Amino acid sequence: MGVGRYAEAASPPEAAESLQEGSMRHIGVDLHKLAFTACFLEEDDSQHLATFPLTPEGLAAFRAQLVATDKLALEVGQNAYFFHDQVRDAVGEIQLVSPYQFAVIAKSTKKTDRHDARALARFLKLGCLPTVVMPDDRIRELRQLFTAREAFVRVSRQLKNMGHAALVRNGVTSRKSDFASGVGRRRLGLPQGLRPSDRRILDSVLRQLEAVEAELIELERAIIRAGKNLPGLKRLLQVRGLGLVAAIGVLSEIGDIARFASAKQLVSYSGLATAVHQSGGTERYGHITRQGRKRLRGFMVEAVLSLARFS
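Residues numbered from 1 in each chain as written. Predicted model: local features only at pLDDT ≥ 70, side-chain atom pairs only at ≥ 80, totals over all residues. Heavy atoms only, no water.

Chemist: Would you explain the overall build of the chain in this entry?
Modeler: Each helix and strand in the chain was counted, giving twelve helices and eight strands. What you see for the chain is a C-alpha radius of gyration of 25 Å, clearly larger than the 19 Å of a compact globule of 311 residues, by over 25%. Out of the 311 residues belonging to the chain, those deemed buried represent 40%. Of note, the chain has its 45 positive side-chain charges centred 12 Å away from the centre of its 33 negative side-chain charges. (Helix = DSSP H or I, 4+ residues; strand = E, 2+ residues; numbered from the N terminus. Rg over C-alpha atoms; globule rule 2.2 N^0.38 Å. Buried < 20%, exposed > 50% of the residue type's maximum accessible area, 1.4 Å probe, protein only. Lys, Arg positive; Asp, Glu negative; His and termini not counted. Charge placed at Lys NZ, Arg CZ, Asp CG, Glu CD.)

Set out below in structure tokens:
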């Protein structure tokens, strides 16, 4: 995929070296899996747009347009950290934008790459972007491992539901928890008299569960290796209901806790704060907002449920 296909027709009229000394540009980047569109917004509000392939050649062509005084903004996505790492030393500042809070794009009826890049550049210049903190390498690694762990847990849950349904269709009484251990799975492999199709389904489920559970064990070992020295872990393990993996998950979701000025900010960050509706002198409190780090909220809710079960 060549650079010229994207950037030649829309390339900026002036090279980066020709920018006036001390000038500052604000650049909005709409990033996708294969390409990205950039809006270069000048101090006099003139602008130009260019689209580049997300390849080494395309990134090199984009970097050639950058200067050390540029400010750049892009929405957080699957490859946002990768893009950040490729250009961070070529600009003065990079702001990562929360796509859930930046309603200008999220709720826009005009969804084009050029429009989104232009909106990011303009609001970056105004200083009105809802940004997120760039985590360090260890936190990024842990979050990626927990994302993979969640995917395997979902697969495990789906397999257990499938196997449970096969037994129910044949009048065999079982609990979904019977699939959770090796002993339970071996016992579930014994029932006779199942219809041939359900026998095949159950055998397949039991085989797949063995493989998925083995992968989950390896992932959790990797999580423990990466997170066992996180600051505050020993103190957090004193909280009843939190195991080692869950405690590491909480710390990886929080990141640098020093950036929270109060406990209320951390509660809001997790989405556990109660919604407040005020009108005149009336004040009503509702359910938790659920606006924040979903995984962090999940770890805390699981800890409370675990504590309730064993208290």
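Chemist: How should the environment of Glu 43 be read in this particular structure?
Modeler: Topologically, Glu 43 is positioned in the loop between β2 (35-41) and β3 (47-53). Distance from Glu 43 to Met 24, taken between C-alpha atoms, is 6.4 Å for residues 19 residues apart in sequence. Polar side-chain contacts of Glu 43 include one of 3.0 Å to the backbone nitrogen of Met 24. (Polar contact = N/O pair within 3.5 Å; in protein donor to acceptor, adjacent residues only side chain to side chain.)

Chemist: What's the story with the pairing of strand β4 (residues 71-75) in this structure? I'm lost.
Modeler: Remember that side chains alternate between the two faces of the sheet whenever the strand is regular. β4 sits mainly inside the fold: four of its five residues count as buried. Of the pairings in the sheet, the one linking strand β1 (residues 26-31) to β4 comprises four bridges and is parallel in character. The partner of Val 29 across the bridge, within β4, is Leu 74. Bridging between β4 and strand β5 (residues 93-97) involves five bridges; their strand directions are parallel. Across the sheet, the residue bridging to Lys 71 is Glu 93, located in β5. Considered for its hand, the β-α-β crossover made up of β4, helix α3 (residues 80-87) and β5 is right-handed. (Pairing = 2+ DSSP bridges. Right-handed = clockwise from strand over helix to strand, strands pointing away.)

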